[in-house]
Amino acid sequence: PHQFDEGIQLVEDSFKDTIKIDFNLKGFVRKDELKGREFFGFQDGISQPAPKGLVLPHKGQLECPPGVLIHGLNGDLLKDERPKWALGGTIMAFRELQQDVSKFQEFCNQHPIDLEGDNGGVGSERRGARMFGRWKSGCPLDFEHIWKDDPKIGKDPELNNNFTYEGGQDVVSCPVTGHSRKMAPRSSRRLSPDELAAHLIMRGSIPYGPELPEPGQPAEEEGVNRGLLFASYQSDLDHGFKFIQERWANNVEFPRENDNIIGGTKEPGYDPIIGAAKGKDRHRFVKGEDIHNIDTRLELPEDFITARGGEYFWVPSLEALEKIGKNEPLTA
């Protein structure tokens, strides 16, 4: 906490009357084996795009033109229209995402995918993995890891994104509504690699709120505010965060694969993790969760994540930031 307070003071001292801090919410890094995991227990931030020409991608890592993320570079749709002060900057989408951990875990416990020889709890974890598109370790649901997690793959950046969804029975391995697949539908039959690259975002998040109680501790009251402070970065919101949330996560008709893959349905369903239904009725559904009948609907009567607030911000380049700190005008 003292580092957070010192950081806030340093920002105020550096920028003086050029900024005003209206609100702050403290995040924290979880300890030991929980480090890097969000409150549902899944390793976070594994799949990030590699800007072409700026970084060397890991095996299987999705790539995008750098201008998809940064103003003024190749791939920026408004490259020739940006003012000079915007070059090298980006747009940040921020959200405070409250996670209902007990509701998510209860749902997984009530809808386990049990196999003969399972140890206790594996069926519930398998259900969660199919909803996320990855196991808790970060290991993807590909053909070799439909039934069982492989933490070694989840930890290895040369392996944890080195997969595709190609093949006649790809939905059996990972539902098209699985969170990681819905957000970045690699190997889609209706979305070319270049089209996918145009919608990739760089993102980061950090947990906030109280840590989960340890086993044996008293049960919590309902409505505890804990979750993720989420930020994504893109050069164009209408092709980045807003597009992904509205056109992919919330769209029950995306993605529409070949009829022989998803049983002829035109509505595979919502993203089960962040997809949101409109209106007061929060009821959602997904298809492809049932390994034996991928056209069966799984009903999701409640949200597991609630967006409590957020905003969109311009993030300046270091050059522009220095001028702002000196209260100097930004040139067009």
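Keep in mind the model is a prediction, meaning the values are calculated, not measured. (Residues numbered from 1 in each chain as written. Predicted model: local features only at pLDDT ≥ 70, side-chain atom pairs only at ≥ 80, totals over all residues. Heavy atoms only, no water.)

## With respect to the overall build of the chain
Note the threshold: Secondary structure follows DSSP: runs of H or I at least 4 residues long count as helices, runs of E at least 2 residues long count as strands, and numbering of each begins at the N terminus. Values of the radius of gyration come from C-alpha atoms, whereas the globule rule sets the reference at 2.2 Å times the count of residues to the power 0.38. Burial classes: relative accessible area under 20% of the type maximum marks a residue as buried, over 50% as exposed, and values in between as partly exposed (1.4 Å probe, protein chains only). Residue contacts follow a heavy-atom distance rule, with two residues in contact if any of their heavy atoms lie within 4.5 Å. Throughout, the Shrake-Rupley method with a 1.4 Å probe supplies accessible areas, and for residues the shown protein chains are the sole cover considered. Residues scored as charged are limited to Lys and Arg (positive) and Asp and Glu (negative), so that His and the chain ends carry no count. Positions of charges follow a simple convention, taking NZ of Lys, CZ of Arg, CG of Asp or CD of Glu.
Check the secondary structure of the chain and you find nine helices and eight strands. Scaling as 2.2 N^0.38, a compact globule of 332 residues should have a C-alpha radius of gyration of about 20 Å, and the chain matches this with 21 Å. By principal-axis analysis of the C-alpha atoms, the chain measures approximately 65 × 50 × 40 Å. When each of the 332 residues of the chain is scored for burial, the buried share is 42%. Excluding contacts between residues fewer than 6 apart, the proportion of contacts in the chain whose partners are at least 24 apart in sequence is 59%. Carbon and sulfur atoms form 52% of the exposed surface of the chain, whose accessible area is close to 18,300 Å². Charge separation in the chain, taken as the distance between the mean sites of 42 positive and 55 negative side-chain charges, equals 2 Å.

## Thoughts on the packing of helix α2 (residues 101-110) against helix α3 (residues 122-132)
This is how the line gets drawn: Axis definition: a line fitted to C-alpha atoms, over the contacting stretch in the case of helices. Angles run 0 to 180 degrees between N-to-C directions. Working definition: roughly parallel below 35 degrees, roughly antiparallel above 145 degrees, roughly perpendicular at 65 to 115 degrees, and oblique for all remaining angles. Two helices crossing with the near one rotated counterclockwise from the far one by less than a right angle form a left-handed crossing, whereas a clockwise rotation gives a right-handed crossing.
For the pair α2 and α3, the least separation of the axes is 7 Å and the interaxial angle reads 115°. When the axes of α2 and α3 are compared, the pair comes out roughly perpendicular. Seen along the crossing, α2 lies across α3 with a hand that is right-handed. Every residue of α3 that contacts α2 at F104, Q105, F107, C108 and N109 is listed here: S124, R127, G128, M131 and F132.

## Describing the nonpolar core
Here is a general trend for soluble globular proteins: nonpolar side chains tend to be buried in one another's company. Test applied: The term nonpolar core refers to a set of buried residues drawn from Ala, Val, Leu, Ile, Met, Phe, Trp, Tyr and Cys, joined through side-chain atoms within 4.5 Å.
Among the nonpolar cores identified, the biggest contains 21 residues, and F40, F104, M131, L300 and F304 are the most heavily contacted of them. Sorting the residues of this core by element identifies β3 (90-99), α2, α3 and β7 (297-300) as the ones contributing at least two each. In terms of residues, this core owes the most to one element, α2, which gives four residues. Among residues more than four places away in sequence, those in contact with F40 are Q99, D100, V101, F104, F132, K136, F304 and I305.

## Brief notes about a nonpolar patch on the surface
Inclusion rule: Here a patch means residues that are over 30% exposed by relative accessible area and free of salt bridges, tied together within 9 Å if like-charged and within 5 Å if nonpolar (Val, Leu, Ile, Met, Phe, Trp, Tyr). A carboxyl oxygen of Asp or Glu within 4 Å of a side-chain nitrogen of Lys or Arg is what we treat as a salt bridge.
Residues V11, I19 and I21 make up a contiguous nonpolar surface patch of roughly 190 Å² in combined accessible area. With respect to the secondary-structure elements, I19 resides in the loop between α1 (2-15) and β1 (50-51). Overall, the relative accessible area of 33% leaves I19 in the partly exposed class.

## Overview of the pattern of salt bridges
Across all of its chains, the model carries 15 salt bridges by this definition. K103 is the partner of D100 in a salt bridge, and the nearest nitrogen-oxygen pair spans 3.5 Å. Since its relative accessible area comes to 28%, D100 is described here as partly exposed. E289 is paired through a salt bridge with R127; the nearest N and O atoms lie 2.8 Å apart. Taken together, the positions of E289 in the loop between β6 (284-287) and β7 and R127 in helix α3 put the pair 162 residues apart, joining distant regions of the chain. E289 gets classed as buried once you look at its relative accessible area, which sits at 2%. For R127, a relative accessible area of 8% puts it in the buried group. Within this structure, D100, K103 and E302 form a network of salt bridges that share partners.

## Description of the confidence of the model for the chain
Counted only if it meets this: The pLDDT value expresses, per residue, how confident the predictor is, ranging between 0 and 100.
Taken as a whole, the chain shows an average pLDDT of 89; of its residues, 94% reach a score of 70 or greater. Averaged pLDDT values over the elements of the chain bottom out at 66 in helix α5 (residues 170-173) and peak at 98 in strand β5 (residues 227-234).

## A word on the packing of aromatic side chains
Here a ring pair, both rings aromatic, is described through the centre-centre distance and the interplanar angle of the planes. Selection rule: Aromatic rings from Phe, Tyr and Trp, with only the six-membered ring used for Trp, were paired whenever their centres fell within 6.5 Å, and each pair was classed as stacked if the ring planes differed by under 30 degrees, edge-to-face if by over 60, and tilted otherwise. Here, a charge over a ring is recorded when the distance from Lys NZ or Arg CZ to the ring centre is within 6 Å and its angle to the ring normal is within 35 degrees.
Under the defined criterion, the tally for this structure stands at 14 aromatic pairs. Ring centres of F28 and F39 lie 6.2 Å apart, and the angle between their planes is 45°; on these two criteria the pair is classed as tilted. Of this pair, F28 sits in the loop between α1 and β1 while F39 sits in the loop between α1 and β1; the two residues are 11 residues apart in sequence, bridging distant segments of the chain. The class of F28 is partly exposed, set by a relative accessible area of 23%. Ring centres of F104 and F304 lie 5.4 Å apart, and the angle between their planes is 90°; this geometry places the pair in the edge-to-face category. Taken together, the residues F104 in helix α2 and F304 in the loop between β7 and β8 (305-315) connect sequence positions 200 residues apart. In this structure, F104 and F304 share a single accessibility class: buried. Ring pairs connect the aromatic residues F40, F42, F104, F107, F132 and F304, which therefore count as one cluster. Sitting above the plane of the F39 ring, R226 keeps its charged end 5.5 Å from the centroid. Above the ring of F285, the side-chain terminus of R297 is found at 3.8 Å from the ring centroid.

## Structural notes on the sheet that holds β3
Note the cut-off: Pairs of strands are assigned from DSSP output, requiring at least two bridges between the strands.
Overall, antiparallel pairing links the four strands, which are arranged β4-β5-β3-β8 in an open sheet. The outermost strands of the open sheet, each flanked by one partner alone, are β4 (202-208) and β8. When strand polarity is set aside, the average angle formed by the axes of neighbouring strands in this sheet is 15°. Bridge count for β4 against β5 is seven bridges, and the pairing is antiparallel. Pairing of R203 across the sheet is with S232, part of β5. Running over the sheet, helix α8 (residues 241-249) touches β3, β5 and β8 and is turned about 115° from β5.

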